[in-house]
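Architecture and fold: a report
Given next are the chains, with one letter for each unit.
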Amino acid sequence: MKNQKNSRTTGNNHSEIDFQTKCVHSGINDNEYGSVIPPICQTSTFKFKSAEHGAALFAGEEKGYIYSRMLNPTVEAMENAIAELEGGHKALGCASGMAAAHTIFASLLSAGDHVVCSSAVYGPTSTLLNTVMKKFGVETSFIDSANLQEVESAIKPNTKLVFVETPGNPTLCISDIRGISKIAHKNNSIIAVDNTFMSPALQNPLTLGADIVMHSLTKFLNGHADVVGGIVVVKDEETYKLFRKTLNQTGGVIDPFNSFLVHRGLKTLHLRMEKHCSNAQKVAEWLEKHPLVKELRFPGSKSHPQYETGLKQQKGPGGLITFEVDGGLEAGRVLMNSVNLCTLAVSLGGVETLIQHPASMTHFTMGKEAREAAGISDGLVRLSVGIEKAEDIISDLKQALNKVKDLHFHPADIK
Ligand SMILES: Cc1ncc(COP(=O)(O)O)c(C=O)c1O
């Protein structure tokens, strides 16, 4: 199988094809079996035609597959599809979102380099910078990337990379990708964006000026909560080769079966994202009016502090909502222990609605001080709204919030 060549979408005039059509057809090529769907090439290694052929492949004189850590046709088909959806040059499939972040950091950074990173990032991303990368001599400044002045003042002469997650996990603060790209480029720094919360259906950082995009494939791109994976999308061949070398050496590649599942998930990405957005809008509007809900954050709500920035760069609000329940941590616990349809689990972006508590779960490793600096309070609850019927999600939250109401109902109140 030769990917890209004869691809259903790349064979036509690329720019005229709509995103929805690309979701269905990207990365899919004619193959020797005539199969409509790319076969799962479940093999660790590939047979050479001769000793000379093997040597030519290793020397890069001929194109072809050698060993699945280096490149695999099923993985490559999925990579090509996502590169096309993000408007990038090529992509690199990684074993997880964290492996994708590590591929970016390990490829670009050396001892003595400095990173500017959003303070509201996925907990382990900040921990990776603060532990492993720090151990190798890389320093990071965590700043409120929704504030362009803070970004500008955090840049130092040795700032090699500006790493932005927008909307940020879990506070959903929105950073201006175009504005940050200008600041980064003025200082010869590279800007990478974690686009996990939006997916390419709702936001395309490369078209807004970013140099690199990454995703946890585990979330919306696969969308069915049955894969752990990650991807990095780059704009040029030179960066692709550098990143491919790192990934090959560090070994954190995705496998063919998970790539097949992600590629299958992509076909419904546009439909799922539409439903995630419309459901989350309904749930957020309902929650916002509930007397026990405080500090609701949702990019589709006019009360969101960066609502206008979101409108400029996002095609929709996404499926994530955060809020506090009146009564703090204890009230949040009662809520999470009382839901039935919503599942108490970490992760996000799957077809099912999930609820979790960042301070004790996804962002626990950051420590309380860093969490507070990033605006992650102990009472914050995060909801990843799925594609069920919105009214069913709302009635589940309603009955769970009624249990929270019971907490507030003190016996002394009985007349
Ligand atoms: C925004 C974001 N980036 C990266 C990751 C890490 O992805 P993974 O769990 O696939 O390693 C996550 C995981 O929740 C995430 O939410």
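A brief look at the structure comes next. (Residues numbered from 1 in each chain as written. Predicted model: local features only at pLDDT ≥ 70, side-chain atom pairs only at ≥ 80, totals over all residues. Heavy atoms only, no water.)

Per the stated rule, a full pass over the model turns up 4 aromatic pairs. Ring centres 5.3 Å apart and planes at 65° place the aromatic pair Phe 105 and Phe 163 in the edge-to-face group. Of this pair, Phe 105 sits in helix H4 (residues 97-108) while Phe 163 is found in strand E4 (residues 159-165), placing the two residues 58 residues apart along the sequence. The buried category is assigned to Phe 105, whose relative accessible area is 0%. (Phe/Tyr/Trp six-rings, centres within 6.5 Å; stacked < 30°, edge-to-face > 60°. Helix = DSSP H or I, 4+ residues; strand = E, 2+ residues; numbered from the N terminus. Buried < 20%, exposed > 50% of the residue type's maximum accessible area, 1.4 Å probe, protein only.)

As a further point, take the nonpolar core. Counting 31 residues, the largest nonpolar core has Met 78, Ile 82, Leu 217, Val 233 and Leu 269 as its most contacted members. Secondary structure elements with two or more residues in this core: helix H3 (73-86), strand E7 (230-234), helix H9 (256-266) and helix H10 (269-289). Among all residues touching Val 233, those that are not within four sequence positions of it are Ile 82, Ala 83, Glu 86, Gly 88, Lys 90, Ala 91, Leu 206, Asp 211, Ile 212 and Val 213. With 27 residues, the next largest nonpolar core counts Leu 296, Ile 321, Ile 393 and Val 404 among its residues. (Core = buried A, V, L, I, M, F, W, Y, C linked by side-chain atoms within 4.5 Å. Contact = heavy atoms within 4.5 Å.)

Before going further, it helps to spend a moment on the site of the ligand. Near the ligand, the surroundings consist of 14 residues, among which Gly 97, Met 98, Asp 194, Ser 216 and Thr 218 are the closest. Within the backbone of Met 98, one N or O atom sits 2.9 Å away from an oxygen atom of the ligand. Asp 194 places a side-chain nitrogen or oxygen 2.6 Å from a nitrogen atom of the ligand. Per-class residue counts for the shell around the ligand are 4 nonpolar, 7 polar and 3 charged. (Near = heavy atom within 4 Å. Polar contact = N/O pair within 3.5 Å; in protein donor to acceptor, adjacent residues only side chain to side chain. Nonpolar A, V, L, I, M, F, W, Y, C, P; charged D, E, K, R; others polar.)

Spatial relationships are all this shows, so hold off on functional conclusions.
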